[in-house]
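Understanding the architecture of this molecule
Chain by chain, the residues:
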Amino acid sequence: MTAAQEVSGSASAGIRASGELAELARKVLPRAAYEFYAAGSDEEISVGEAAAAWRGRRLLPRVLRDVSSVETDVDLLGTRLASPVLAGPTAFHRMAHDEGETATAAGVAAAGSLLVLSSRATRHPEDVAAVAGPWWYQVYWLRDAEITRRQVDRAVAAGARALVLTVDAPYVPPRATSGLPLPLPEDDELCRSVGIGTRLPGWEQDPSLGLDAIGRLHRMSGLPVLVKGVLRADDARACVAAGAAGLIVSNHGGRQLDRAVSSADALPAVAAAVGTEVPVLVDGGIRTGTDVLVALALGARAVLLGRPVVWSLALGGAVGVTTLLDSYRAQLATSMALAGCARLADIDGELLYGGP
């Protein structure tokens, strides 16, 4: 049993959508695990700016609207969810909890949400699918394309409903960690395959990838393909023209190109570029339900959480993840009511002081 699991019974009661989760998780995680999850690249400027970019927005609430009942449910690619707050793809969950991604998936399902399973997961898709609700599978197109095909085939067979092609990581830059070995299970074949320092060259991302990969991935799987890592309007239009079923505005949690613009600042132009043609999602620095409200007002259909899900997993296992997502939903509902929005369709750019 990990230190995190020993305290999960008491710690999960304090889990909520806030900026305080990281410090709570730091106290229970092994140092190397915490550093891996928390680190950004280079000077960590983008990491530091992420949350502040959402908090810098100001709202113009509407009054005298009937908000006696507030609805947060949303439809995404044909799947109905309890709220527009999803669990994004993050790697190596067994460093945070012995059950790893199976605990994450169970917690997400109990909250009526959706999990995007990382291709660097430390549990097999079949094991995750056995306890998950609706889930998507995140894909890196690898130098060894046959490995990519096998991963995709396995995810499709296990029941993934969509694929999320991550395109902002042609290379992985150095990150701000102490370099301590990651506490991955040494006897686990999957962990050895995807682990830092044990990954074979064929498992690295293919830096020659082009727009045609979107169509190739769709034909390979028969599933809708969302493209994650889009920050520019012209890239957004090109991805949709190439067949993307959705876009995820993301700077990879500040872990790739440092000084890349924050997701909050990039979102309005991307959303405007594609309109209602495909859903636009966003991640990066979203710490409260009011952040979610701002993201929706800026044009997002839904948001994804990265680090907060891992922190909650470390603190409370599956129950911790459910508690976190329920907290985001409750905070969003309160913020919507105070802003005069009874349903998600009421949220638009006119809620923002100064506009999107």
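What comes next concerns the included structure. Because the structure is predicted, anything quoted here is derived from the model rather than measured. (Residues numbered from 1 in each chain as written. Predicted model: local features only at pLDDT ≥ 70, side-chain atom pairs only at ≥ 80, totals over all residues. Heavy atoms only, no water.)

Let us now look at the overall build of the chain. A tally of regular secondary structure across the chain gives 13 helices and 10 strands. Its C-alpha atoms give the chain a radius of gyration of 19 Å, within 12% of the compact-globule value 21 Å for 356 residues. Across the chain, every contact between residues at least 6 apart in sequence was considered, and the portion connecting residues at least 24 apart equals 74%. If the 33 positive side-chain charges of the chain are averaged to one point and the 39 negative ones to another, these points end up 2 Å apart. (Helix = DSSP H or I, 4+ residues; strand = E, 2+ residues; numbered from the N terminus. Rg over C-alpha atoms; globule rule 2.2 N^0.38 Å. Contact = heavy atoms within 4.5 Å. Lys, Arg positive; Asp, Glu negative; His and termini not counted. Charge placed at Lys NZ, Arg CZ, Asp CG, Glu CD.)

Across the two faces of strand β10 (residues 302-305) the burial is the same, with Ala-302 and Leu-304 and Val-303 and Leu-305 all buried. Where strand β3 (residues 85-87) and β10 come together, three bridges link them in parallel fashion. Residue pairing in the sheet places Ala-87 in a bridge with Leu-305 of β10. Pairing between strand β9 (residues 280-283) and β10: three bridges, direction parallel. Along β10, the bridge assignment pairs Val-282 with Val-303. Once the chain exits β9 it traverses helix α12 (residues 289-297) before rejoining the sheet at β10, and the crossover so formed is right-handed. (Buried < 20%, exposed > 50% of the residue type's maximum accessible area, 1.4 Å probe, protein only. Pairing = 2+ DSSP bridges. Right-handed = clockwise from strand over helix to strand, strands pointing away.)

Turning our eyes to something else, we now look at the pairing of strand β5 (residues 135-139). Taking burial as the measure, the five residues of β5 include five buried ones, the bulk of the element. Where burial is concerned, the two faces of β5 agree: the one with Trp-135, Tyr-137 and Val-139 and the one with Trp-136 and Gln-138 are both buried. Two strands pair when backbone bridges link them, and strand β4 (residues 115-117) and β5 are joined in this way by three bridges, in the parallel orientation. Across the sheet, Val-116 pairs through a bridge with Trp-136, a residue of β5. As paired strands, β5 and strand β6 (residues 163-166) are joined by three bridges and run parallel to one another. Looking across to β6, one finds that Val-139 is bridged to Leu-165.

Relative to the assigned elements, Gly-229 resides in strand β7 (residues 225-230). It is 19 Å that separates the C-alpha atoms of Gly-229 and Val-292, two residues lying 63 residues apart in sequence. Discounting residues that sit within four places of it in the chain, Gly-229 has contacts with Val-167, Asp-168, Ile-248 and Ser-250.

Below, the discussion takes up the pattern of salt bridges. A complete count under the given rule lists 15 salt bridges for this structure. For Asp-265, the salt bridge identified is with Arg-57, shortest N-O distance 3.7 Å. Placement of the pair is Asp-265 in helix α11 (residues 263-274) and Arg-57 in the loop between α4 (45-55) and β1 (74-76), with a sequence separation of 208 residues. For Asp-265, a relative accessible area of 45% gives the class partly exposed. Of the charged contacts in the structure, one is a salt bridge between Asp-234 and Arg-232, with a shortest N-O distance of 2.8 Å. Each of the salt bridges in this network shares a partner with another, and the network as a whole consists of Arg-62, Asp-348 and Glu-350. (Salt bridge = Lys/Arg side-chain N within 4 Å of Asp/Glu carboxyl O.)

This part takes up α12. The element α12 is extensively covered by neighbouring structure, given that eight of its nine residues are classed as buried. Gly-289, Asp-291, Val-292, Leu-293, Val-294, Ala-295, Leu-296 and Ala-297 are the residues of α12 that are buried. Of the surrounding elements, those touching the buried residues of α12 are α4, β3, α11, β9, β10 and α13 (307-338). Phi for Gly-299, located one or two positions after α12, is positive at around 120°.

Orientation of helix α5 (residues 101-110) relative to α13, taken along the N-to-C sense of each, is 25°, at an axis distance of 7 Å. Here α13 runs roughly parallel to α5, going by the angle between their axes. The handedness of the crossing between α5 and α13 is left-handed. Of the residues in α13, those touching α5 at Ala-103, Thr-104, Ala-106, Gly-107, Val-108 and Ala-110 are Val-309, Leu-313, Ala-318, Val-321, Thr-322 and Leu-325. Within the contact of α5 with α13, the residues separate by chemical class into nine nonpolar, three polar and no charged. (Axes fitted to C-alpha atoms, helices over the stretch in contact; angles between N-to-C directions. Parallel < 35°, antiparallel > 145°, perpendicular 65-115°, else oblique. Left-handed = near helix turned anticlockwise from the far one by under 90°. Nonpolar A, V, L, I, M, F, W, Y, C, P; charged D, E, K, R; others polar.)

Further remarks concern unusual backbone geometry. Positive phi is not limited to glycine here, since Leu-64 has a value of about 55°. When you line up the elements, Leu-64 lands in the loop between α4 and β1. Overall, the relative accessible area of 85% leaves Leu-64 in the exposed class.

By the element assignment, Ser-262 lies in the loop between β8 (246-249) and α11. Judged by its relative accessible area of 6%, Ser-262 is buried. Of the polar contacts made by the side chain of Ser-262, one reaches the side chain of Asp-265; its length is 3.1 Å. Sequence-distant contacts of Ser-262, defined by excluding residues within four places in its chain, comprise Ala-53 and Asn-251. (Polar contact = N/O pair within 3.5 Å; in protein donor to acceptor, adjacent residues only side chain to side chain.)

Before going further, it helps to examine the nonpolar core. The biggest cluster of nonpolar side chains holds 103 residues, and the ones touching the most others in it are Trp-136 and Leu-247. Not counting residues within four places of it along the chain, the set of residues in contact with Leu-247 comprises Val-227, Val-230, Ala-236, Cys-239, Val-240, Val-270, Val-274, Val-278, Pro-279, Val-280 and Leu-281. Residues Tyr-140, Leu-142, Ala-169 and Trp-203 belong to the second largest nonpolar core, which totals five residues. (Core = buried A, V, L, I, M, F, W, Y, C linked by side-chain atoms within 4.5 Å.)

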